[in-house]
Amino acid sequence: MPRVIGFELNSQEPEKAADFYSNVFGWEVADPQWDYWSMTTGNNDVPGINGGIARGPNDFPHGTRIQIEVDSIDDAIMKAKNNGAVIVRDKMEFDHFYLAYLIDPVGLGFGLIQQKSV
């Protein structure tokens, strides 16, 4: 069953946002990759999720999106479209995963992630 595995905070000032969350909550912020700063929000032995801060793109300059891990990103995109979702960014390939961004029928943005086989 697909699960929420992370969150993404979008900002036009990601460095400032990263400093804020690090200073206020003690979250560990990694060096950026592709204008994305990964954040560790706590001990992995405690329930919770990690996430990151991204330089918000034109289609989503500010806000929060959850990331949902799926077995097949192509199948998940098709099912989402058939149920009223709109693709904001179609399947993109990164080193270790595929990623797509969609908007559900009520306007909520979310990401789909499929890990590549190792």
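All values reported here derive from a predicted model rather than from experimental measurement. (Residues numbered from 1 in each chain as written. Predicted model: local features only at pLDDT ≥ 70, side-chain atom pairs only at ≥ 80, totals over all residues. Heavy atoms only, no water.)

Which residues make up the overall build of the protein chain, and what are the values?
When helices and strands are counted, the protein chain shows two helices and eight strands. Counted from the first residue to the last, the protein chain has its helices and strands arranged as β-α-β-β-β-β-α-β-β-β. On C-alpha atoms alone, the protein chain measures out to a radius of gyration of 14 Å, which is about the 13 Å that the 2.2 N^0.38 rule sets for 118 residues. With respect to the three principal axes, the spread of C-alpha positions in the protein chain is 45 × 30 × 25 Å. Per-residue burial over the protein chain gives 34% buried out of 118 residues. Intrachain contacts of the protein chain at a sequence separation of at least 6 include 50% that bridge at least 24 residues. For the protein chain, the accessible area works out to roughly 7,700 Å², and carbon and sulfur atoms hold 50% of it. (Helix = DSSP H or I, 4+ residues; strand = E, 2+ residues; numbered from the N terminus. Rg over C-alpha atoms; globule rule 2.2 N^0.38 Å. Buried < 20%, exposed > 50% of the residue type's maximum accessible area, 1.4 Å probe, protein only. Contact = heavy atoms within 4.5 Å. Areas by Shrake-Rupley, 256 points an atom, 1.4 Å probe, with all protein chains shown as cover.)

Tell me about the pairing of strand β1 (residues 3–11), residues and numbers included.
Consecutive residues of a regular strand have side chains that alternate between opposite faces of the sheet. Taken together, the seven bridges between β1 and strand β5 (residues 63–69) define a ladder with antiparallel strand orientation. Across the sheet, Arg 3 pairs through a bridge with Glu 69, a residue of β5. Both β1 and strand β4 (residues 50–55) contribute to a ladder of six bridges, which runs parallel. By the bridge assignment for β4, Phe 7 is matched with Gly 51. (Pairing = 2+ DSSP bridges.)

Describe the nonpolar core, naming the residues involved and giving the relevant values.
Counting residues in each nonpolar core, the largest one holds twelve residues, listed as Ile 68, Val 70, Ile 73, Ala 76, Ile 77, Ala 80, Ala 85, Tyr 98, Ala 100, Leu 102, Phe 110 and Leu 112. Sorting the residues of this core by element identifies α2 (73–82), β7 (97–103) and β8 (109–115) as the ones contributing at least two each. Excluding its chain neighbours within four sequence positions, the residues that come into contact with Ala 80 are Ala 85 and Leu 102. Ranked by size, the runner-up nonpolar core spans seven residues in total, among them Leu 9, Ala 17, Trp 27 and Ile 53. (Core = buried A, V, L, I, M, F, W, Y, C linked by side-chain atoms within 4.5 Å.)

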